[in-house]
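Next come the chains, spelled out residue by residue.
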Amino acid sequence: MSRTFSKENSSNSTKPKMTKGKAIVVFVILGILITMGTVFAFVSLDKGQLGVYDYKAYPKTISLGLDMKGGVYAVFEANTTDTTNLSSRMDGTKDQLSTMLYDKGYTEATVNKVGDNRIRVEVPDVSDPETLFNLIGTPSSLEFRTEGKGETFTDDGLWVTGKDLDTAYVSVNEDNDYVVALQFDKEGADKFAKATTELNGKALNIWINGEWVMGPTVNSVISDGRAIITSSEWASDYTAASNIVTQLLAGAFDVELKLVESREISATLGENALSSSLIIGGIAIGLIILLLIVLYRLLGVSSGIALLYYIITYVFVLSVFPWVQLTLAGIAGVLISIGMAVDANVIIFSRIKDEYRIGTGEISIQTAVTSGFKKSISAIMDGNITTLLGCLVMYLLGTSAIKSFALTLAIGIVISIFTALVVTRLLVSSFLAFNRENPKLYNLYNKNKEEGADNAAKTVEEVTENE
Amino acid sequence: MNKFSIRKLDLSSYNVHFLSKYRIWFAVPIVVILIAVIMFSIFSVVNKDVQEGMNLGIDFTGGTVMTVTVGNALDEDGAYDSYSKNLREIVEKAGYNVSYIQRSGSGSESGVMIKYQNKDADLEASNQAMKDKITEVYKDIPADDISLESISASSAKDLLQKALISLVVIFAVMLIYIAIRFEFWSGIAALIGLIHDVLMMIAFTIIFHIEVNTTYVAAVITIVAYSINNTIIVFDRIRETTKLAPKVGKINLDAYVEEAVNDTFTRSAVSTITTMIPVFLLGCFGVLSLKQFAWPIMFGLIAGTYSSLILAPTVYYLIRNAVMNAKLKKGQQPQKQSDASDVLSQRKRKA
């Protein structure tokens, strides 16, 4: 049995000690960061007060999910006389709408089928129905035709309809210009190939809801169902290209839809969900810090300060990342992240206590702290990396609520690793700079020191014997 | 010595020999599952529907969305609260389970939107009955301003399916990672712990008949993410202690595993308590939907702690020991075995 205690003690003097001066600098900087973070989290400034820009308290810029914030709902009805497989085609349309809203960043939108021929869409964080239609376009009919603007339709003029369009998206061509890319399904690809053979060099006109939109010239026969539309109108304007894509996609639904009604709606959790959760969160954090201080004293104070720093950084990052949409699931992610951030500290502190307790001879607090941090790294990293991998899978495979959870949790974990291994460590060393002699300040306790050196010597003997 | 000696809490000072009682550790979750199965049957029989065994919410079953348009009057002080409260009472008195209440529209279109589960066979009749009940109380609301529509289950089933797939992939990825960083058997043991957590959460949800909506899926995944972290802390200790063990021959694995668990016990207890604080407060004082969300997480935290500290290490020990014995039997020269208690006493560095 080769358990060596000697090795750990040998690193006694290798760690550069922090001076009181440096420690004060650390406290001041963290103090300023936390104070500023807190102030800017609550205060909003108007142009007049600050002079140049409007400033909105950063947590308020986090976009909220439908369950946290109101939005708009709209009910669409199938606008078709063709009732074959209507129900299953409506299911397809429902999925297309969900996908589309998701792609637009409305991860918390819900789409329900109402009866057999209606679809109900609820979208969060949108202030009025107009915005919703800008988002999903007006579900419509899309046709690729020979006829140009102002010409009357003929039966042979129709080549491809929106039903055959798989997807459309904004892409970039070799000249670095934005282009609108189209992808047809198999049937559509055949039809499109015919159209481009027939109209090579001529215009293939795009009609939406019976209105002419554009007539791009066919440059070559396209037989694989993949085409791009270039135009000087959107070569360098992403928004313009994206608007065209929205219009095209709206025409690609399996069923043509017409709007029946739309209204604003409030949050599903009720108006008070966020504010009451924030109050509860504040109380919880207070209790956690209190518990840590009782258990670990000055180490607990360090982790309390680190926890405040963590929360401010976390909220700030959440507000800066545009993909974050806070939902109920997202709040769970935040809660668990805070739990795990505290956990990283607790792992380190219990390790420091262990190191100090089993330390033999003249174990110093500094040594226990150094080796405590060192030995905790593998546990913290492995634990968090496993959870991060889980987040990655959730983000790739999950539905909107799960994605929201995975994202907030992943962000929380990355910040918590940094906080535990860098910020807490800095703080602990800073406290040590003021007192590295009194173990009681850190609630450390050494078996051997308190129960006599005999015991300690005996343990060491036995251990070395076994090597 | 300090008067308030917190260190008495420090269980790492003790050495609890829990591995030998593995039958009890396996029996506990089995008993919970049995109770859940019994409760499930009772709920199914009482409600004469297998689906009733679990309290599935509107997201899974679909239901009715009712919009009562009140108009400008809703903007008056306290009007919304009183309307929504009364309407909710009317719906609940009629025997339906209200899932969501929201405000809809603005100005003259202002109204209260209520989503509730409706399993009546004749929807038209039940919708008409609901209209009558409301116009009875609110005589100034014309029946035309009350709209009732049946909505399908939202993407809940889809969500559940996707969540299950992601759960399986998450398990696989974690197994691979743990197998690389630790050993294959740790991965298997951790996996069994995770499956236990998910099963326990479902069992508790059935036993307490808690309504399950889309948020439940997020709660389950939350627990998986949290529990694996806890398990790894324990396995990290086992890895650290066994690293120092002799490479060949029979080692006293039980002593290593028990020591690792005892060493990490305080940390796990403190961590779980700090995580439980906000969840518990949300469960007690949060808004209704948050309560429904917090309690499954509470159950999960308890199950997760149990699996991390007791179940996963026990499973690891049993598998690993069996593998080791099989190897020894295969003809490797058994090393001279030292007495277990002897080794333990030598390694005893505390208490």
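Numbers given for residues are sequential positions, taken from 1 along each chain in its written order. Each chain is given a letter, starting from A, and each ligand a number, starting from 1, according to the order in which they appear as written. Under the rules for a predicted model, residues below a pLDDT of 70 receive no local features and side-chain atom pairs below 80 are neither given nor counted, while totals for whole chains, interfaces and linings still include all residues.

Enquirer: Explain the overall build of chain A here, please?
Expert: Runs of E in the DSSP output that reach at least two residues are strands. Runs of H or I that reach at least four are helices, and both are numbered from the N terminus. The helix and strand inventory of chain A stands at 14 helices and 13 strands. The 467 residues of chain A split such that 45% are buried. In chain A, the proportion of contacts linking residues at least 24 apart, taken out of those at least 6 apart, comes to 74%. With C-beta atoms placed from the backbone, a residue is buried if 20 or more other C-beta atoms are within 10 Å of its own, exposed if 12 or fewer are, and partly exposed between those counts. Contact between residues is assigned whenever the C-beta positions, reconstructed from backbone atoms, fall within 7 Å.

Enquirer: Looking at this model, I keep getting lost on the overall build of chain B. Mind explaining?
Expert: In terms of regular secondary structure, chain B is built from ten helices and four strands. For chain B, the succession of helices and strands along the chain, N to C, is α-α-β-α-β-β-α-β-α-α-α-α-α-α. Evaluated residue by residue, chain B yields a buried proportion of 45% over its 351 residues. Contacts spanning at least 24 positions in sequence make up 76% of the contacts within chain B whose residues lie at least 6 apart.

Enquirer: For this particular structure, what's the right way to read the interface of chain B and chain A?
Expert: The partner chain A presents 71 residues to the 70 residues of chain B that form the contact. Sorting elements by how many residues they give to the side of chain B that touches chain A places helix α7 (residues 214-243) of chain B first, with 15 residues. Of the residues belonging to the side of chain B that touches chain A, the class tally is 36 nonpolar, 21 polar and 13 charged. Under the scheme applied, nonpolar residues are Ala, Val, Leu, Ile, Met, Phe, Trp, Tyr, Cys and Pro; charged residues are Asp, Glu, Lys and Arg; polar residues are all the others, including Gly.

Enquirer: Whenever I open this one, unusual backbone geometry confuses me. Can you help?
Expert: Of all residues except glycine, most have a negative phi; of all peptide bonds, most are trans. At R297 of chain A, a residue that is not glycine, the phi angle is positive and equals roughly 50 degrees. For R297 of chain A, the position within the fold is in the loop between α8 (273-296) and α9 (298-320). In this structure, H209 of chain B takes a positive phi of about 50 degrees despite not being glycine. On the basis of neighbour count, H209 of chain B is assigned to the partly exposed category, with 15 C-beta atoms found within 10 Å.

Enquirer: In this structure, what is going on with the environment of D82 of chain A? I would like to understand it.
Expert: The topology assignment puts D82 of chain A in the loop between β2 (71-78) and α4 (86-103). Expressed as a C-alpha distance, the spacing of D82 of chain A and G333 of chain A, which sit 251 residues apart in the sequence, is 46 Å.

Enquirer: Just checking my understanding: could you explain the sheet that holds strand β5 (residues 142-145) of chain A for this structure?
Expert: Sheet strands pair by backbone hydrogen bonding; their relative direction is either parallel or antiparallel. Residue and element names in this part refer to chain A. Strand pairing follows a simple DSSP-based rule, namely that at least 2 bridges must link the two strands. In space, the four strands of this open sheet follow the order β6-β5-β9-β10, with antiparallel pairing throughout. The open sheet terminates on both sides in strands that have one partner only, identified here as β6 (158-161) and β10 (211-214). For this sheet, the mean inter-axis angle between neighbouring strands, taken without regard to orientation, is 35 degrees. Pairing analysis gives three bridges linking strand β9 (residues 205-208) to β10, with the strands arranged antiparallel. Here an angle of 0 to 180 degrees is reported between the N-to-C directions of two axes, which are lines fitted to C-alpha atoms, with helices fitted over the stretch in contact.

Enquirer: Help me understand the nonpolar core, please; the structure alone is not making it clear to me.
Expert: Judged by nonpolar contacts, the single largest core of 135 residues is most densely connected at A332, I402 and F405 of chain A together with A218, I221 and V224 of chain B. Those residues within four positions of I221 of chain B in sequence are excluded, and the remaining contacts are M394, I402 and F405 of chain A together with A163 of chain B. Put simply, a nonpolar core is a cluster of buried Ala, Val, Leu, Ile, Met, Phe, Trp, Tyr and Cys residues tied together by C-beta atoms within 7 Å. Core analysis: the next-biggest nonpolar cluster, separate from the first, contains 68 residues, A78, Y178, I222 and A252 of chain A among them.

Enquirer: Looking at this structure, how should I read the packing of α9 of chain A against helix α10 (residues 328-358) of chain A?
Expert: A pair of packed helices is captured by two measures, namely the crossing angle of their axes and the spacing between those axes. Residue and element names in this part refer to chain A. Running from amino to carboxyl end, α9 crosses α10 at an angle of 155 degrees, the nearest separation of the two axes being 11 Å. Classified by the angle their axes make, α9 and α10 are roughly antiparallel. Viewed along their axes, α9 and α10 form a crossing whose handedness is right-handed. Contact with α9, carried on its side by L299, S303, A306, L307, Y310 and Y314, involves S337, A341, V342, N345, F349 and I352 of α10 and no other residues of that element. Its residues assigned to classes, the contact of α9 with α10 shows nine nonpolar, three polar and no charged. Angles are sorted into four bins: roughly parallel if under 35 degrees, roughly antiparallel if over 145, roughly perpendicular if 65 to 115, and oblique for all others. Crossing handedness: left-handed means the near helix sits turned counterclockwise from the far one by under a right angle, and right-handed means the same turn made clockwise.

Enquirer: It is not clear to me how the sheet that holds strand β11 (residues 226-229) of chain A should be interpreted in this structure. Could you clarify?
Expert: Residues and elements named next belong to chain A. Reading across the sheet, the three strands line up as β7-β8-β11 and stay open at both edges, with antiparallel pairing between neighbours. With one partner strand each, in any of the chains shown, β7 (165-172) and β11 form the two edges of the open sheet. Taking each pair of neighbouring strands and ignoring which way they run, the sheet shows an average axis angle of 25 degrees. Looking at chain direction, β7 and strand β8 (residues 178-184) are connected through seven bridges and run antiparallel. The partner of L165 across the bridge, within β8, is F184. Seen against the sheet, helix α7 (residues 238-250) touches β7 and β8 and runs at an angle of roughly 180 degrees to β7.

Enquirer: What is the right way to read the environment of F153 of chain A from this model?
Expert: Residues and elements named next belong to chain A. Within the fold, F153 resides in the loop between β5 and β6. On the basis of neighbour counts, which here come to 13 C-beta atoms within 10 Å, the residue F153 falls in the partly exposed class. Between the C-alpha atom of F153 and that of G210, which follows or precedes it by 57 residues, the distance is 9.6 Å. Filtering out sequence-adjacent residues up to four positions away, F153 remains in contact with R145 and E147.

Enquirer: I keep staring at the packing of helix α11 (residues 365-397) of chain A against α7 of chain B and nothing clicks. Help me out?
Expert: Taken N-terminus to C-terminus, the directions of α11 of chain A and α7 of chain B make an angle of 155 degrees; their axes are 8 Å apart at the nearest point. If you check the angle between α11 of chain A and α7 of chain B, you find them roughly antiparallel. In this structure, α11 of chain A crosses over α7 of chain B, and the sense of that crossing is right-handed. Of the residues in α7 of chain B, those touching α11 of chain A at S378, A379, D382, G383, N384, T386, T387, G390 and M394 of chain A are I221, V224, A225, I228, N229, I232, I233 and D236 of chain B. Split by residue class, the contact of α11 of chain A with α7 of chain B holds eight nonpolar, seven polar and two charged.

Enquirer: Honestly, the confidence of the model for chain B in this entry has me stumped. Any pointers?
Expert: Low-pLDDT stretches of the model should not have their predicted coordinates read in fine detail. Residue and element names in this part refer to chain B. The predictor's confidence in any single residue is recorded as pLDDT, a number from 0 to 100. Looking at chain B as a whole, the pLDDT averages 81, with 86% of positions reaching at least 70. Element-level pLDDT for chain B is lowest in helix α10 (residues 340-347), with a mean of 43, against a maximum mean of 93 in helix α6 (residues 184-207). Scored below 50 in pLDDT, residues 1-12 makes 14 contacts in the model with residues more than four places away or belonging to other chains. Here residues 334-351 is modelled with pLDDT under 50, and outside its nearest four sequence neighbours on either side it reaches 29 contacts, counting other chains as well.

Enquirer: Quick question: what am I supposed to make of the confidence of the model for chain A here?
Expert: Residue and element names in this part refer to chain A. The share of residues in chain A with pLDDT of 70 or more is 84%, and the mean pLDDT across the chain is 79. Mean pLDDT across the elements of chain A bottoms out in helix α1 (residues 6-10) (42) and peaks in α9 (91). Throughout residues 1-15 the model reports pLDDT below 50, and contacts reaching past four residues in sequence, or to other chains, amount to 27 contacts. Taken together, the stretch residues 452-467 has pLDDT below 50 and engages in 15 contacts with residues farther than four places along the chain or on a different chain.

Enquirer: Just checking my understanding: could you explain the environment of I312 of chain A for this structure?
Expert: Residue and element names in this part refer to chain A. The topology assignment puts I312 in helix α9. Note: C-alpha distance between I312 and T35 (277 residues apart in sequence) is 9.6 Å. Residues within four places of I312 in sequence aside, it is in contact with I34, G37, T38 and A41.

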